[in-house]
Amino acid sequence: MKTRIKNILQAKPVGQHVSVAGWVRTKRDTGSFSFIEVNDGSCLANLQIIGDEKLENYESEIKQLSTGTSVMVEGVLQESPAKGQDVELHATRFRVIGKADPETYPLQKKRHSFEFLRELSHLRPRTNALGAVARVRSRLSYAVHKFFQEREFVQVHTPIITTSDCEGAGEMFQVTTGLEKTKAEHFFGRSAGLTVSGQLQAEVYALALGDVYTFGPTFRAENSNTSRHLSEFWMLEPEMAFCDLQGNMEIAEEMLKYLLSDAMTNCPEDMLLFDKFIEKGLLKKLQGIVDKEFAHITYTEAVERLKKAKKKFEYPIDWGRDLQSEHERYLSEDVFQCPITVTDYPASIKPFYMRVNDDNKTVAAMDILVPGIGEIVGGSQREERYDVLESRMIEAGIDLADYSWYMDLRRYGSVPHSGFGLGFERLVQFVTGMANIREAIAFPRTPGSAPC
Ligand code: 4AD
Ligand code: MG
């Protein structure tokens, strides 16, 4: 049975016989023995292995080891005299499993740019930085479930294939067999697409189970080639019955702080790597966010602030226009220097399901904007009044017949309810300090790019 290197480095069972399996990072020969650094992906650190000429394959294989080769090693753990490590493994059996030709293996010892590594999405998790992102992402995903399960939320698996365009932005990828000629021949009897959000279906379950969440892949066919957009991304969407906008904002803030804290507590080495090499001061920034209340501001106040700003923006800002990323970042980076929750956006720029405020001009929406990224969370209280919802849908040009199930929730036992969506890659990007969202997901899909 192999032991994970992370456990070995934590427990340091000196004197014990252990076996490890991983990939060679570097090798250095000195006289009759070699130092081999092996990484098995369980943690950032490598385990140093000492192989000497007593091993039967020392000359034939060990001395020829090159970066990227996979190996299985048995040996005895000993205290290490070297600086920077406590233990090392003295090999008693050293098996080469799969060779990696040094002439062609693309991950050499030097640092590679993230752009270069994107071309190698099948090999990049073997680098320190992308390996660390994968571990932090996994931990954050676990922490999402932990947070909501500890609060008695029920997870709902909402569908990937759907016939409703939740955001109404016309950004749905169509699902077809490619053979359909008429509507009657559609596989599902009507046109269907990949979900842009699980919210509408999450609402169904919130209005039966109270507090629910859905967490899964979502798809947007928008042609945005930016450092914050993906065509396929993961979204976490809690939905809460008997909950107004205030309650929604509170749980979103509590959740974000919980997730940042959890990553710092449970992935300390990976987080230090990001702090040192990706974004200097990252840990201090994240801790500052955990310790402080988010700022709160209405959309109308935000527009006033932006109009008074000395900074020149590329996009004009006026009441009724949507905030652009540059505006969002100015507010969170320059004005407040912390996350801010912006509420009560104009009804005209938000989807049909958001609850109309008493002024009849704005809706009970909330976006959370964070420094460096802009919008990380988007949510709202939902319109629970049948008549108001119906007229909003007609205004938006939605075919009511397609949404009779959604309207039924307002016909039978309607309740005030709220929820939000957290862009999971934007969270991973924020927590790791990565400049581009393409480093926050294993296999990024963007317009013109879906390599494997
Ligand atoms: O603001 P959005 O579009 O909201 C919704 O979809 C709601 N139905 C959520 C809800 O209330 N249940 O998307 C939510 C979040 C954004 O704040 C952003 O973080 C992320 O999803 N997001 C994207 N992330 C990566 N690439 C994209 N193309 C994204 N579009 C949205
Ligand atoms: Mg949004």
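All of the points below concern the structure found in this document. (Residues numbered from 1 in each chain as written. Chains lettered and ligands numbered in written order. Predicted model: local features only at pLDDT ≥ 70, side-chain atom pairs only at ≥ 80, totals over all residues. Heavy atoms only, no water.)

Turning to the pattern of salt bridges, a few remarks are in order. Side chains that differ in sign of charge can pair as their charged atoms come close. In total, this model carries 26 salt bridges according to the counting rule given. With its nearest N and O atoms 2.8 Å apart, the salt bridge here joins Glu439 to Arg118. With Glu439 in the segment after α12 (424-432) and Arg118 in helix α2 (residues 114-118), the pair connects residues that are 321 residues apart, well separated along the chain. Neither Glu439 nor Arg118 differs from the other in exposure class; each is buried. The shortest N-O distance in the salt bridge between Arg410 and Glu203 comes to 2.8 Å. Taken as a pair, Arg410 in helix α11 (residues 404-411) and Glu203 in helix α4 (residues 199-209) lie far apart in primary sequence, 207 residues in all. What emerges from the salt-bridge pattern is a single network uniting Lys146, Glu150, Arg151 and Glu254. (Salt bridge = Lys/Arg side-chain N within 4 Å of Asp/Glu carboxyl O. Helix = DSSP H or I, 4+ residues; strand = E, 2+ residues; numbered from the N terminus. Buried < 20%, exposed > 50% of the residue type's maximum accessible area, 1.4 Å probe, protein only.)

Another aspect to go through is the layout of surface pockets. A volume near 1,200 Å³ is recorded for the largest pocket. The wall of the largest pocket is formed by 44 residues, among which Arg220, Glu222, His229, Glu375 and Arg426 lie closest to the centre. Looking at the lining of the largest pocket, the elements that each hand over two or more residues are β11 (232-241), α9 (325-335), β15 (374-381), β16 (417-423) and α12. For the lining of the largest pocket, the residue count by class is 15 nonpolar, 13 polar and 16 charged. In this structure, the second largest pocket occupies an estimated 800 Å³ of space. As for the second largest pocket, its lining consists of 32 residues, of which Arg25, Arg126, Thr127, Asn128 and Ala129 are closest to the centre. Every element with two or more residues in the lining of the second largest pocket is listed here: β1 (17-30), α2, α3 (128-150) and α6 (268-278). Residues that form the lining of the second largest pocket fall into these classes: 13 nonpolar, twelve polar and seven charged. (1 Å grid on protein atoms, 1.4 Å probe; cavity = no way out; pocket = protein on both sides within 12 Å on 5 of 7 lines; lining within 4 Å. Points joined across faces, edges and corners; volume = space filled by probe spheres on them. Nonpolar A, V, L, I, M, F, W, Y, C, P; charged D, E, K, R; others polar.)

Turning our eyes to something else, we now look at the packing of aromatic side chains. Two measures describe an aromatic ring pair: the distance that separates the ring centres and the angle between the ring planes. Taken as a whole, this structure holds 15 aromatic pairs when the rule is applied. Plain terms: the ring middles of Phe33 and Phe35 are 5.7 Å apart, the flat faces sit at 85 degrees to each other, and that makes the pair edge-to-face. The interplanar angle of 70 degrees and the centroid separation of 5.8 Å between the aromatic rings of Trp405 and Tyr406 together place this pair among those described as edge-to-face. The exposure class assigned to Trp405 is partly exposed, which follows from its relative accessible area of 31%. Judged by relative accessible area, which is 0%, Tyr406 ranks as buried. One aromatic cluster in this structure is built from Phe147, Phe148, Phe153, Tyr213 and Tyr258. When the ring centre of Tyr345 is taken as reference, the NZ or CZ atom of Lys350 above it lies at 4.3 Å. Sitting over the ring of Tyr406, Arg410 keeps its end group 4.1 Å from the ring centre. (Phe/Tyr/Trp six-rings, centres within 6.5 Å; stacked < 30°, edge-to-face > 60°. Lys NZ or Arg CZ within 6 Å of the ring centre and 35° of its normal.)

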